[in-house]
Amino acid sequence: MSDSPAGTAEPAEPADPGGYGQAVASDGTMTGPDGRPRCPWALSAPEYPEYIAYHDGEWGRPVRDRVGLFERLSLEAFQSGLSWLTVLRKRDAFRAAFANFDPIAVAAFGPADVERLAADAGIIRNRRKIIATITNARVVLALDVPFEEVIWSFRPAVTTVPVVTADLPASTAESAALATELKTRGFVFVGPTTAYALMQACGLVNDHLAACAVR
């Protein structure tokens with residue numbers, strides 16, 4: 001992948017995507033400054049060590065709480081059409097702006113909050129995505145089953161282990177079904193690709209490459 005782990009099949013990696021003087025190995029990984037093999041996207045921005053930290057400590061690990069899932073759904077929607085690194089670098093600002101992604105607090109946002117957020121240079125000032133986040137918070141609260149149950153009910157029974165980044169799909173049958181279910185329930189700004197990125201980020205699937213040390 002280039003600079004985003006989010007549900008996107010990419011062309012072949014450049015010889016040294018991270019600028020560490022390391023080539024992508026035959027097993028699809030790239031060796032970082034600590035000598036550990038990783039998914040190449042984690043090393044695509046060496047000036048931002050938080051990218052490695054996100055890859056090592058968060059991406060692909062199970063998230064089962066309502067706030068955590070809502071945060072990731074919201075951030076994946078903001079990421080749509082952009083680099084995930086852009087979102088990751090603004091994550092603290094997003095949390096401050098959106099009340100730590102507590103659905104109860106966000107659901108109470110009104111027109112003044114939309115204007116406040118649209119003027120906040122610390123986040124991605126896309127009015128449609130801001131309104132979608134507030135809408136989705138209200139849907140979370142209106143669900144007749146826990147939000148986390150809705151999300152995790154679409155965990156694939158069987159998954160394949162990717163060997164190289166080209167093995168990673170942009171979406172799957174399960175992510176398409178999840179997107180359809182979310183839209184049916186009233187969620188907005190979520191499609192099969194965003195749903196698959198959510199599944200990757202929250203550990204419904206483990207898309208670390210077979211030879212990645214984190215896997």
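Structure's up top.
Everything numeric here is computed off the predicted structure, so don't read it as measured data.

Visitor: Would you mind going over the pattern of salt bridges in detail, with residue names and values included?
Guide: On inspection of all chains with the given rule, the structure shows twelve salt bridges. Close ionic contact of Glu71 with Arg72 constitutes a salt bridge, the shortest N to O distance being 3.8 Å. The same class applies to Glu71 as to Arg72, namely buried. A salt bridge links Arg185 to Glu181; the shortest N-O distance between them is 2.6 Å. Using a relative accessible area of 25% as the deciding quantity, one classes Glu181 as partly exposed. Ionic contacts of the salt-bridge type, sharing partners, join the residues Glu58, Glu71, Arg72, Arg91 and Arg95 into one network.

Visitor: Go over unusual backbone geometry, please, and point to the residues and values.
Guide: A positive phi angle, near 50°, is found at Ala99, a position not held by glycine. The residue Ala99 is located in the loop between helix 4 (91-97) and helix 5 (103-107) in this model. The phi dihedral of Asn100 falls on the positive side, at around 55°, and the residue is not glycine. Along the chain, the position of Asn100 falls in the loop between helix 4 and helix 5. By relative accessible area, Asn100 is classed as exposed at 52%.

Visitor: Explain the packing of helix 9 (residues 173-184) against helix 10 (residues 192-201) residue by residue, including any values.
Guide: Where helix 9 meets helix 10, the closest approach of the two axes is 8 Å, and the angle between their N-to-C directions is 110°. Considering the angle they form, helix 9 stands roughly perpendicular to helix 10. Judged by residue contacts, Glu174, Ser175, Ala176, Leu178 and Ala179 of helix 9 engage Pro192, Ala195, Tyr196 and Met199 from helix 10.

Visitor: Help me get a handle on helix 2 (residues 66-79), residues and values and all.
Guide: Here helix 2 is 14 residues long and its end C-alpha atoms lie 20 Å apart, about the 20 Å a rise of 1.5 Å per residue gives. Of all the 14 residues making up helix 2, twelve are buried; the element is thus mostly covered by neighbouring parts of the structure. Of all the residues in helix 2, the buried ones are Gly68, Leu69, Phe70, Glu71, Arg72, Leu73, Ser74, Leu75, Glu76, Ala77, Phe78 and Gln79. Elements in contact with the buried residues of helix 2: helix 3 (84-89), helix 4, helix 5, helix 7 (127-142), helix 8 (147-152) and helix 10. Trailing helix 2 by a residue or two, Gly81 shows a phi angle of about 85°, which is positive.

Parameters at a glance
Residues numbered from 1 in each chain as written. Predicted model: local features only at pLDDT ≥ 70, side-chain atom pairs only at ≥ 80, totals over all residues. Heavy atoms only, no water. Salt bridge = Lys/Arg side-chain N within 4 Å of Asp/Glu carboxyl O. Buried < 20%, exposed > 50% of the residue type's maximum accessible area, 1.4 Å probe, protein only. Helix = DSSP H or I, 4+ residues; strand = E, 2+ residues; numbered from the N terminus. Axes fitted to C-alpha atoms, helices over the stretch in contact; angles between N-to-C directions. Parallel < 35°, antiparallel > 145°, perpendicular 65-115°, else oblique. Contact = heavy atoms within 4.5 Å. Expected span 1.5 Å × (residues − 1).

None of this, on its own, says anything about what the molecule does.
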